[in-house]
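Descriptive structure summary
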Amino acid sequence: MKQNIFQSFSSPKYLKWWLVVECILVAWLINVLWQYKLERQVAIDRYQHQEQQWRTIAHSLNMLPQDFPVTLLKQNDTVIGMHMVASMSLPQWSTVLEAIQQRFWLTPETVVWQRHNEQWRADIRWQLLRPSTLKPEINILPFEQRAYRPHSGELISTVHGASSAALIKVNQKELWLHEGHWSPELQATLAQIDQDFVILQSAQGLTQKLYMTGLNTLEQSQKEY
């Protein structure tokens with residue numbers, strides 16, 4: 001019986017099928033090895049590209065303090081990040097941050113913003129990352145860059161003295177605001193109180209002069225900073 005089984009599998013019919021199966025297995029194995037080679041080559045090319053970018057970045061870092069007010073943070077003579085403390089107008093900050101983020105792969109560690117009149121003071125610390133395929137877009141400005149006008153209101157009265165204040169009506173609601181205070185209802189800071197008008201300033205620096213009720217004058221002006 002064993003001899004019959006052996007003869008069955010040794011027949012030309014079965015040998016033909018075994019040959020077909022072996023060819024399929026060999027073709028599959030060749031395809032697997034070829035795909036592995038391609039993936040390996042892609043990984044090597046990506047690594048070499050990233051290493052070239054990293055060398056370019058390392059060279060560019062030495063010139064960075066000449067272009068921007070930054071201090072390089074080092075560990076064992078290797079740059080691991082950067083620190084910037086400066087005061088600029090908002091458009092200047094936007095330009096500087098965009099330029100830095102285009103040249104380097106960075107992630108912010110700490111960001112502190114303080115407003116001083118028409119300037120914004122920032123204390124920013126970044127961690128330097130090795131180049132990757134995609135560079136994330138990170139906005140660390142104190143607010144979105146869209147410009148908003150202060151909400152319209154009606155100036156009812158002003159009070160002058162040790163603490164100047166103004167009574168402004170917004171959406172049927174009367175608010176007493178002191179000079180220098182931010183109003184969520186107006187989306188503006190009460191920047192100045194005069195006898196017959198007040199000046200409102202939005203977060204982006206857009207100003208609006210609001211006159212006392214009865215003067216029928218509303219003057220708007222843009223002041224970019």
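Residues numbered from 1 in each chain as written. Predicted model: local features only at pLDDT ≥ 70, side-chain atom pairs only at ≥ 80, totals over all residues. Heavy atoms only, no water.

This part is about the nonpolar core. Counting residues in each nonpolar core, the largest one holds 27 residues, and the members touching the most others are Leu61, Met82, Trp93, Ile100, Phe104 and Trp126. Secondary-structure elements contributing two or more residues to this core are helix H2 (12-67), strand S1 (70-75), strand S2 (78-88), helix H3 (90-103), strand S3 (106-116) and strand S4 (119-128). Ignoring sequence-local partners within four residues, the contact set of Trp126 consists of Leu73, Ile80, Gly81, Met82, Met84, Leu97, Ile100, Leu106, Thr107, Pro108, Glu109 and Ile140. Grouped together as the second largest cluster of nonpolar side chains are 14 residues, Leu175, Leu177, Ile193 and Leu210 included. (Core = buried A, V, L, I, M, F, W, Y, C linked by side-chain atoms within 4.5 Å. Buried < 20%, exposed > 50% of the residue type's maximum accessible area, 1.4 Å probe, protein only. Helix = DSSP H or I, 4+ residues; strand = E, 2+ residues; numbered from the N terminus. Contact = heavy atoms within 4.5 Å.)

Another aspect to go through is the sheet that holds strand S5 (residues 154-159). The 3 strands lie next to each other as S5-S6-S7, forming an open sheet whose pairing is antiparallel. Taken across any chain shown, the strands that pair with only one partner, and hence form the sheet edges, are S5 and strand S7 (173-178). On average, adjacent strands in this sheet sit at an angle of 20° to one another, irrespective of strand direction. Strand direction decides the pairing type here: strand S6 (residues 165-170) and S7, joined by 6 bridges, are antiparallel. Each residue of the ladder has a partner; that of Ile168, found in S7, is Leu175. (Pairing = 2+ DSSP bridges. Axes fitted to C-alpha atoms, helices over the stretch in contact; angles between N-to-C directions.)

This part takes up the environment of Leu155. Here Leu155 lies in strand S5. For the pair Leu155 and Phe197, spaced 42 residues apart in sequence, the C-alpha to C-alpha distance is 7.4 Å.

Turning to its location among the elements, Leu90 is positioned in helix H3. For Leu90, a relative accessible area of 11% translates into the label buried. Sequence-wise, Leu90 and Pro142 are 52 residues apart; in three dimensions their C-alpha atoms are separated by 9.2 Å.

The next thing to look at is the sheet that holds S4. Picture the strands of a sheet paired through backbone hydrogen bonds; they go either parallel or antiparallel. Reading across the sheet, the 4 strands line up as S1-S2-S4-S3 and stay open at both edges, with antiparallel pairing between neighbours. Looking at which strands have only one partner, the edges of the open sheet turn out to be S1 and S3. Averaged over all adjacent pairs, the angle separating strand axes in this sheet is 15°, with direction ignored. Relative to S4, S3 is paired through 10 bridges, and the arrangement is antiparallel. Its bridge partner lying in S4, Val111 is registered against Ile124. Most of the contacts of H3 go to S2, to which it runs at about 165°, and overall it touches S1, S2, S3 and S4.

Quick look at the pairing of strand S10 (residues 197-201) now. Burial analysis of S10 places 5 of its 5 residues in the buried class, the great majority of the element. The side-chain alternation of S10 yields two buried faces, one formed by Phe197, Ile199 and Gln201 and the other by Val198 and Leu200. The pairing of strand S9 (residues 188-193) with S10 spans 4 bridges and is classified as antiparallel. Across the sheet, the residue bridging to Ile193 is Val198, located in S10. Note that S10 and strand S11 (residues 207-211) share 5 bridges and pair antiparallel. Note that in S11 the partner of Gln201 across the bridge is Thr207.

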